[in-house]
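Spelled out, the chains give:
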Amino acid sequence: MAPTIEELYPEYTLTSSIDKLRSEHYAHLDEKNHVYLDYTGSGLASAFQLTHSSVRLSSTLYGNPHSINPSSQASTNAIIATRLKVLQHLNTDAEEYEVIFTANATEAAKLVGESYAFTKGTKLVLTADNHNSINGLREFAGRKGSSTVYIPFSSPDMRINDEDFIKALSAARPGRKATLSTGINRLAKSLLGCHPWRRKTGDAAGREDGLKRCSTSDTNPNQDASCDSPALYKAFLRPFCQSSRVPPQSASTAPARPLENTTRHGLFAYPAQSNFTGVRHPLAWVTYAQRQGYDVLLDVAAYLPTTRLDMSITKPEFLIISWYKLFGFPTGVGCLVVKKEALSRLVRPWFSGGTIQAVTVGVPWHLKARGAEGFEDGTVNFLGIPEVMFGLEWINSVSLQVIGLRVRCLTGWFLKRLAALRHSDRTPMARIYGPENMDMRGGTVAFNLLDSGGKVVDERLIGQESAAAGISLRTGCFCNPGAGEAAMGLTVASLRRLATATAQMRGMDDFVEVLGLPSAGAIRVSFGIASTSTDVDRFFEFVEKTYRDRVTTSEGLLPRESC
């Protein structure tokens, strides 16, 4: 019999406030008998958020912000306040960063890609673990003569090695011959003096090297979430906080030099947390890449829902966010948080309403608007943007530390139970992609189920049958083809078959057949603000009842439209 979550993670009991939260503000889940396991796809809006929105919109008149009339000023003031709230949440300020509102993280990435100064002398460096919104940057780079370098996965945990990261940045720099050992030394010693993403061996609490402080809640001054605070944070949260240890360099280890290389060699883009496996990639990479002369684009869409990013420590040039990933509402609002210095180097390929101060038709001349407004096309979502401010207040009142702890416990318990699933003949029922422990990973788990014959259960069948059971989970490749290729064991040689078969391919099923894949992707389960142990129990009850000792088939399933 599987251990209870309290037996495996005694600290889970310290998150009981989430159970009350769910019954009061996410009651529709249990009223509809719904198991929601797709928090990486979207956060959930609380009843409290929706009520607040209704009251706000019915009591205040908001208008197009491109004016000075009262309704316009109400919108303008709300947008300004939200920009400041975003910066406050990230522990930075308007002296160093601008907040540009977009429709989502994808549009934020597109703004960078279309405006960045790619040239034949620069490179775009990407991790193989990236969302397609980041992979698409290679199209902008290629049109301007830049090449793209991918940093491969390591096996079997689908992380990316420091060595491969350092090699990629070094190889992408013309005339640079830094040795690998020198690069590792700079990354591990000059920056942090540790590997903050690895546990100390034998440390039962999972305490990591170099961890000195946690963030404090900006919405509840009475709640001290520092590492020297009460038992909850001291015993269980300190090991997982963001590292702030950046020791001074001695003359023997590195010469004194500015943090950033002023010669730009290109753009390095990666996710703080994988949307496929949940792996958390080192934030220390940001500073290392900058010291090698790269601008850094950090995708935090999957990271922020359970963890606070401290931008007084981690300072990428570009940060992309989709706010619905954090708290479900509003949809259609994201942002690009950008260093002012980096913003001054972006050159937009066009202009539109809202992005210019003046324009003429008689001669081809225009004067671009300053700062963020020069990058916000048309009229921003002035009714939705203020909801971001309330959403941030909401998750902070719940406590990101408590949410993160609960998600960590549930994910660890889920992984243990998934790895232990067996058919009656003791053959495994699941194949997990990514790490099977909780070292440097978030609340996302990717896997396939195996039938009693050892065959991968078609992801369409699981999607169909889980939906009928009232379970929301995700199937497919999750817009992360690099992770999907690694999970399915696809090599460059096998992928080259697509070049000769493209003309005959009519859809996703042909893609699967040409590559000889057992499935078109994986199953993804993810946890968030309203998750409970009952959700996990319900999922395993469904899996054991539906797939144990069963031989499955793909007959009768609808054709795949996309991955």
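As shown above, the structure is provided for reference.
Below: a short report on this structure. Everything quoted here is computed from the prediction, not taken from an experiment.

Details of the overall build of the chain
Reasoning step 1: The secondary structure content of the chain amounts to 22 helices and 15 strands.
Reasoning step 2: Looking at the chain residue by residue over its 563 residues, the buried ones come to 54%.
Reasoning step 3: The long-range fraction of contacts in the chain, counting pairs at least 24 apart against all pairs at least 6 apart in sequence, stands at 73%.
Reasoning step 4: When the accessible surface of the chain is summed, it comes to about 24,300 Å², and 54% of that surface belongs to carbon and sulfur atoms.

Some details on the side chain of Arg 159
Reasoning step 1: Tracing the chain through its elements places Arg 159 in the loop between strand E4 (147-151) and helix H9 (162-171).
Reasoning step 2: With residues near it in sequence (within four places) discarded, Arg 159 still touches Phe 153, Ser 154, Val 279, Arg 280, Pro 435, Asn 437, Asp 439 and Met 440.

A closer look at the sheet that holds strand E15 (residues 522-526)
Reasoning step 1: Read from one edge to the other, the open sheet built from 4 strands follows the order E11-E12-E15-E14, with strand pairing classed as antiparallel. The open sheet has two edge strands, strand E11 (430-433) and strand E14 (474-476), and neither has a second partner. On average, each strand axis in the sheet is tilted by 30 degrees relative to the strand beside it, whichever way the strands run.
Reasoning step 2: Summarising the sheet, E11 and strand E12 (residues 444-449) pair through 4 bridges and their orientation is antiparallel. If you follow Ala 430 over to E12, its bridge partner there is Leu 449.

With respect to unusual backbone geometry
Reasoning step 1: Going from Phe 329 to Pro 330, the amide bond is cis rather than trans, its omega being 10 degrees.
Reasoning step 2: Summarising the element assignment, Pro 330 is placed in the loop between helix H13 (324-327) and strand E8 (334-339).
Reasoning step 3: Despite not being glycine, Ser 399 shows a phi value in the positive range, around 100 degrees.
Reasoning step 4: Positionally, Ser 399 belongs in the loop between helix H15 (385-398) and helix H16 (400-420).
Reasoning step 5: In this structure, Asp 549 is a non-glycine residue whose phi angle is positive, near 65 degrees.
Reasoning step 6: Considering the arrangement of structural elements, one finds Asp 549 in the segment after helix H22 (533-547).
Reasoning step 7: A relative accessible area of 40% means that Asp 549 is categorised as partly exposed.

Considering the environment of Arg 83
Reasoning step 1: Within the fold, Arg 83 resides in helix H5 (residues 70-89).
Reasoning step 2: The class of Arg 83 is buried, set by a relative accessible area of 16%.
Reasoning step 3: Residues Arg 83 and Phe 101, spaced 18 residues apart in sequence, show a C-alpha to C-alpha distance of 8.5 Å.

Focus on helix H2 (residues 17-25)
An α-helix turns once every 3.6 residues. As a result, residues three or four positions apart point the same way.
Reasoning step 1: Where H2 is concerned, the buried positions are Ile 18, Leu 21, Arg 22 and His 25. Buried residues along H2 cover an arc of 100 degrees about the axis, so they all sit on one side.
Reasoning step 2: Taken together, the buried residues of H2 touch helix H3 (27-31), helix H4 (47-59), H15, H16 and H22.

Some thoughts on the sheet that holds strand E3 (residues 123-127)
Within a beta sheet, neighbouring strands are joined by backbone hydrogen bonds and run either parallel or antiparallel to one another.
Reasoning step 1: Judged by pairing direction, the sheet is mixed, and its 7 strands sit side by side in the order E2-E8-E7-E6-E5-E3-E4 without closing on themselves. Sheet topology places strand E2 (97-102) and E4 at the edges, where each strand pairs with a single neighbour. Sheet twist, expressed as the average angle between the axes of neighbouring strands with direction ignored, equals 20 degrees.
Reasoning step 2: The pairing of E2 with E8 spans 6 bridges and is antiparallel.

Some words on the side chain of His 281
Reasoning step 1: Among the secondary structure elements, His 281 is positioned in the loop between strand E5 (266-271) and helix H12 (284-291).
Reasoning step 2: Looking at His 281, the relative accessible area reads 3%, which means it is buried.
Reasoning step 3: What His 281 contacts, discounting residues up to four positions off in sequence, is Asp 129, Ile 160, Tyr 270, Pro 271, Ala 272 and Met 440.

Topic: a nonpolar patch on the surface
Reasoning step 1: A surface patch of nonpolar side chains, amounting to about 280 Å² of accessible area, comprises Val 363, Trp 365 and Leu 367.
Reasoning step 2: Note on placement: Trp 365 falls in strand E10 (residues 365-368).
Reasoning step 3: The class for Trp 365 is partly exposed, based on a relative accessible area of 42%.

Observations regarding H16
Reasoning step 1: Taking 1.5 Å of rise per residue, the 21 residues of H16 would be expected to cover 30 Å, and the 30 Å separating its terminal C-alpha atoms lies within 8% of that figure.
Reasoning step 2: The element H16 is extensively covered by neighbouring structure, given that 17 of its 21 residues are classed as buried.

What to know about the environment of Gln 401
Reasoning step 1: By the element assignment, Gln 401 lies in helix H16.
Reasoning step 2: Separated by 95 residues in sequence, Gln 401 and Thr 306 place their C-alpha atoms 7.5 Å apart.

A closer look at the packing of H16 against H22
Reasoning step 1: Running from N to C, H16 and H22 point in directions that differ by 20 degrees, and their axes come no closer than 10 Å. One way to sum up the angle between H16 and H22 is to call them roughly parallel. By crossing handedness, the relation of H16 to H22 is classed as right-handed. Where H16 approaches H22, its residues Leu 410, Trp 413, Phe 414, Arg 417 and Leu 418 are matched on the opposing element by Ser 533, Val 536, Asp 537, Phe 539 and Phe 540.
Reasoning step 2: Looking at the contact of H16 with H22, its residues break down into 7 nonpolar, 1 polar and 2 charged.

Rules of the game
Residues numbered from 1 in each chain as written. Predicted model: local features only at pLDDT ≥ 70, side-chain atom pairs only at ≥ 80, totals over all residues. Heavy atoms only, no water. Helix = DSSP H or I, 4+ residues; strand = E, 2+ residues; numbered from the N terminus. Buried < 20%, exposed > 50% of the residue type's maximum accessible area, 1.4 Å probe, protein only. Contact = heavy atoms within 4.5 Å. Areas by Shrake-Rupley, 256 points an atom, 1.4 Å probe, with all protein chains shown as cover. Pairing = 2+ DSSP bridges. Axes fitted to C-alpha atoms, helices over the stretch in contact; angles between N-to-C directions. Arc of directions from axis to C-beta. Patch = residues over 30% accessible without salt bridge, like charges linked within 9 Å, V, L, I, M, F, W, Y side chains within 5 Å. Salt bridge = Lys/Arg side-chain N within 4 Å of Asp/Glu carboxyl O. Expected span 1.5 Å × (residues − 1). Parallel < 35°, antiparallel > 145°, perpendicular 65-115°, else oblique. Left-handed = near helix turned anticlockwise from the far one by under 90°. Nonpolar A, V, L, I, M, F, W, Y, C, P; charged D, E, K, R; others polar.

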